[in-house]
Each structure stands twice: as structure tokens, then as C-alpha cells.
Amino acid sequence: MSPFGNIFNKLTSLDLKALPKLSYLICHNNCLTELDASGMTFDEEDLILSCGEQTDENGNAQSLHLTLSESHKGFWEELSQKIYNSNIEVTFKP
């Protein structure tokens, strides 16, 4: 255990608006209920978005409501098949 207590996997919110060039995000196994990743930049080389398997603060499974842009649809088709992206509901915005 960390000397700071159990601080890992307790993320309850994440604001990506100030990170327009972000192309790599790993935040699975946390306590997120929603995430707007529509500003992320994906290309064939950087295909990393791992954000599923979320739980509430008591460890019970919960869905993540993920927002992506329309241009991310092709990437999400591949990424959604990964085990670490389970239990995600996706909305695509223009």
C-alpha cells in the first residue's frame, strides 16, 4: 500500500478541454461516470484510449458515458473491442 493511503483508481472526474493535442489516455478502472474525449487527436500511430471498467466508490461496476467526435467513429470501432473498454456508452458529436 502507498504511504499516502489507497489513492489509486479513485479518479471521479477528468477534464480534457485544456489538452487539445492529447492522443494517448489510460484511465480505466477508476470511478468516472462521464468523459468528453471529443477533442482528442487520433491517428493510425497513436490509437490509445483505455477508459472502461469503471466502478462507483464502493467498487460496484458502473457505465461510463463517453463523448467522442464523429471523426473518431472508425477508431472507436477497433478500440471498443478491447477488454479495458468494457461497459461504455458512446455518443458521437459533430
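A brief look at the structure comes next.

## Focus on the side chain of Gln-62
One can find Gln-62 in the loop between β3 (48-50) and β4 (64-69). One polar contact links the side chain of Gln-62 to the main-chain carbonyl oxygen of Cys-31, over a distance of 3.4 Å. In this structure Gln-62 touches Cys-31, Leu-32, Thr-33, Gln-54, Thr-55, Asp-56 and Asn-87, once residues within four positions along its chain are discounted.

## Observations concerning the side chain of Gln-54
Position of Gln-54 among the secondary structure elements: in the loop between β3 and β4. Residue Gln-54 is classed as buried on the basis of its relative accessible area of 1%. At 2.9 Å, the side chain of Gln-54 and the backbone oxygen of Cys-51 are in polar contact. Apart from the residues within four sequence positions on either side, Gln-54 is in contact with Cys-27, His-28, Asn-29, Asn-30, Cys-31, Leu-32, Asn-60, Ala-61, Gln-62 and Leu-64.

## Quick notes on the sheet that holds β4
Strands sit in the order β2-β4-β5 across an open sheet of 3 strands; the sheet is parallel. Each having just a single partner strand, β2 (34-36) and β5 (88-93) make up the two edges of the open sheet. Across the sheet, the axes of successive neighbouring strands diverge by a mean angle of 20 degrees, strand direction being ignored. Where β2 meets β4, 3 bridges bridge the pair, whose relative direction is parallel. From the neighbouring strand, Asp-36 faces β4, where its bridge partner is Thr-67.

## Considering the nonpolar core
Ranked by internal contacts, the top residues of the largest apolar core, which has 18 residues, are Leu-25, Leu-35, Met-40, Leu-49, Cys-51 and Leu-66. Those elements that place two or more of their residues in this core are β4 and α1 (73-79).

## Focus on the pairing of β5
Sheet analysis places β4 next to β5, joined by 6 bridges and oriented parallel. Across the sheet, Leu-68 pairs through a bridge with Phe-92, a residue of β5. After leaving β4, the chain enters α1 and then returns to the sheet as β5, a path that is right-handed.

## A short note on the environment of Ser-80
Mapping Ser-80 onto the fold places it in the loop between α1 and β5. With relative accessibility at 26%, the residue Ser-80 sits in the partly exposed group. Sequence separation between Ser-80 and Gly-52 is 28 residues; the distance between their C-alpha atoms is 9.2 Å.

Calculation criteria
- Residues numbered from 1 in each chain as written.
- Predicted model: local features only at pLDDT ≥ 70, side-chain atom pairs only at ≥ 80, totals over all residues.
- Heavy atoms only, no water.
- Helix = DSSP H or I, 4+ residues; strand = E, 2+ residues; numbered from the N terminus.
- Polar contact = N/O pair within 3.5 Å; in protein donor to acceptor, adjacent residues only side chain to side chain.
- Contact = heavy atoms within 4.5 Å.
- Buried < 20%, exposed > 50% of the residue type's maximum accessible area, 1.4 Å probe, protein only.
- Pairing = 2+ DSSP bridges.
- Axes fitted to C-alpha atoms, helices over the stretch in contact; angles between N-to-C directions.
- Core = buried A, V, L, I, M, F, W, Y, C linked by side-chain atoms within 4.5 Å.
- Right-handed = clockwise from strand over helix to strand, strands pointing away.

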